[in-house]
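Survey of secondary and tertiary structure
If you want the building blocks of each chain, they are given just below.
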Amino acid sequence: MASPAEQLMQDTPHQPSYLDNLNPNQHQAVLKTQGPLLILAGAGTGKTRVLTTRLAHILLTNLAYPAQVLAVTFTNRAAQEMRERIAHILQRPVEGMWLGTFHSLSARILRRHAELVGLQPNFTILDTDDQLRLIKQLLKANNIDEKQTPARMVLSLINRWKDRGLLPAQVKRSGNDLISGLYQDYQERLLVLNAVDFGDLLLHCLTFFRQEPVVLKSYQEQFQYMLVDEYQDTNVAQYLWLRLLAQGAGNLCCVGDDDQSIYGWRGAEVGNILRFEQDFPGAEIVRLEQNYRSTPHILAAASGLIAHNRERLGKTLWTEDTQGEQLLVRGTWDSVDEARFIGDQIENRQRQGDRLSSIAILVRASFQTREFEECLLRLGIPYRVIGGPRFYERLEIRDALAYLRLVVQGDDGLAFERIINTPRRGIGQTTLQTMHILARDQGISLPRAAHYYAHNIAKGAAGNNLRLFFENLDRWRALLETDPHVEVVKMILDESGYTAMWQEDKSADAPGRLENLKELVTAIGQFQYLPGFLEHVSLVMENNQQSEQDMVNLMTLHAAKGLEFDTVFLAGWEENLFPHPRALNENGEAGLEEERRLGYVGISRARQRAIISYALQRRMYQGGWQLAIPSRFIKELPDAHMTHIHANGQSSRRPPVQLHHNAPKTLHSFDIGDRVFHQKFGYGEILDFDGEKVDIDFEHSGHKKIIADFISRA
């Protein structure tokens, strides 16, 4: 039976203009509005357009009011882009729709029902730095040696448990008593601080959704339509959150690509998208396979690679374009040679008129960037490393935010501890430890304990400074109720002595820090209220690139997800580097498949040309060089769509294949008895073939087995 929206389309002689230019599968994805739907959207298939058109269609056909629609994205930027596109179709602003990230939407729900989990609505959202400081406090309080039990390890486990929707009581049953006990203490301390971390935003919602059926039912009845982007990247907690909410109207639409699930290391479960039809009976799958980004050779290479994965739903990307270059695989002698090759290629592209910003170098591990950075610097080619330090992570910004957090939320002990002696107020570690003990003994937050200490125990200059500090906090807090918040922020930074501290600092970076503080005030002015700005900072940590100069983009494969470039260099495709050995050791076949998906993501970033490179040796950390062989993924690329140029300059349609003992002729055209040359060992004669190596008797170095790419015909 057709839905009301589909019936409307059938009864209308001419379809609405917003449905124009959609291909048949996109059209189907937009009009399928009843029941569960999985839109399997391949790279470059117009996913964002389908998402926004579908949401606009639901609103324009009066299937739901904006407040009855829940749309979840993985980044704030994606949410903003979606909001703008919907507004363009509707020709009016989008008001009332629940559109945002999992964390921002969960924070909105949690502030409504904070008391159900023992919080106040003005709770603070902690970042990683604050979490680590709190864990260190707990380790010290429990007399646990941090060298034996590192705070980062404890936090990693706690975050992993939260990603899986596990409470401390559930973890204790698993037998990890030490860390689960710290998890329990950590959660109790967060309640005292009136604070949550990112994992809590979903975990607390899951808790009262399960314990308070009336609350859950109210949201199930409200959200008549739910749409989730990047479903392949959801973790267990996010999956459970969606499952509970979707049990209402049942109109859940998930959009994703199982072939682009590359975040298993941070909790993403590719099984969520693979099980969609089992989890939501009656679900329909619509595949978006027509690609609008890449050339046929690039698509065929990417599709050929990913076809080797077993755990996938399956789809084949195609394009109407008939032009384009074959994918190039380039062998190099070593990592220096590889960087030089890519640098030369970039200069060639630049001479042909390509913008540097249309070029990207993608690496598997961040340490690989050093070689390319040095090469680009030598060549005078401007570049940016995507994923560098962020504005809100700079020291002076974190300090300023701590002041503002403490003014807004007086029980924020982590913010208090960060800035109580910045600038110096004579509050030493002994005094601070005394206040910590008082806070634990009385079961109160550190700021409340410090307030009591200041007015009942403290003496001398330190006591006076502490009392003045709290008087200022109260005054600033009161001014926020009457004066413009931007002016109060300026006052806080000036009267606290923080601005003067940097003005008096004679270091080279002090002027830049002062400029950053001014930029912070400018950013705050774009928000109506200070608490709203602080929540924005907690939820959104976008990477700001200040320079407008044309630059080459250098990043890891993970950081490249969602981006696209005319020319993409995929460097370091070697065994023991890509696939990464840690992924194989920790996750076996599942790890290998995720690494292969990472390769698929990398290739599909390219619009016009993709160049894969590998080095035959790399400098070792301990010194010297280590031999390498091309990645197994290179062998999985389809022959008809790639050209392979080996380090010795020989060209072929494919990388070196396994050589057999009885093979009289090889891909390198070497025969037994051929005289060959090696840069290190000199001249020799081929005796035999052993797998990928050639057995050679060298005139001055004796008998050795050498990878064929290292030798040339003498």
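If you're wondering where the values come from, they're calculated on a predicted model, not measured in any experiment.

Turning our eyes to something else, we now look at the confidence of the model for the chain. Summary statistics for the chain give a mean pLDDT of 87 and a share of 91% for residues scoring 70 or more. The spread of mean pLDDT over the elements of the chain runs between helix α1 (residues 4-11), the lowest at 46, and strand β13 (residues 565-570), the highest at 98. In this model, residues 3-9 is a region of pLDDT below 50 whose contacts with residues beyond four sequence positions or in other chains number 16 contacts. Long-range and interchain partners of residues 654-667, a stretch whose pLDDT sits below 50, account for 34 contacts in this model, where long-range means more than four residues apart.

Entries for the chain in the domain assignment read domain 1 (17-110 + 203-290), domain 2 (124-193), domain 3 (327-390 + 544-645), domain 4 (393-504 + 513-533) and domain 5 (674-713). With centres defined by C-alpha atoms, the gap from domain 1 to domain 3 works out at 33 Å. The junction of domain 1 with domain 3 conceals about 970 Å² of combined surface from both sides, 53% of it contributed by carbon and sulfur atoms. In terms of surface lost to domain 3, no three residues of domain 1 exceed Asp259, Gln260 and Ile262, which account for 49% of the buried area on that side. Our enumeration of links across domain 1 and domain 3 arrives at two salt bridges. Here Lys561 and Asp233 are joined by a salt bridge, their closest N and O atoms 3.4 Å apart. Considered class by class, the residues forming the side of domain 1 that touches domain 3 number five nonpolar, four polar and five charged.

Moving on, we come to the sheet that holds strand β12 (residues 552-556). Strand order across the open sheet formed by eight strands is β11-β12-β10-β13-β14-β9-β17-β18, with mixed pairing between neighbours. One side of each edge strand has no neighbouring strand; the edge strands of this open sheet are β11 (383-385) and β18 (651-652). Bridging between β11 and β12 involves three bridges; their strand directions are parallel. Bridge pairing in β12 places Val385 opposite Leu554. Sheet strands in contact with helix α15 (residues 296-306) are β9 (327-332) and β14 (606-615), and its direction is about 50 degrees off that of β14.

So, how was this worked out
- Residues numbered from 1 in each chain as written.
- Predicted model: local features only at pLDDT ≥ 70, side-chain atom pairs only at ≥ 80, totals over all residues.
- Heavy atoms only, no water.
- pLDDT = per-residue confidence, 0-100.
- Helix = DSSP H or I, 4+ residues; strand = E, 2+ residues; numbered from the N terminus.
- Contact = heavy atoms within 4.5 Å.
- Domains from an automatic or database assignment.
- Buried area = accessible area lost by both parts, 1.4 Å probe.
- Salt bridge = Lys/Arg side-chain N within 4 Å of Asp/Glu carboxyl O.
- Nonpolar A, V, L, I, M, F, W, Y, C, P; charged D, E, K, R; others polar.
- Pairing = 2+ DSSP bridges.
- Axes fitted to C-alpha atoms, helices over the stretch in contact; angles between N-to-C directions.

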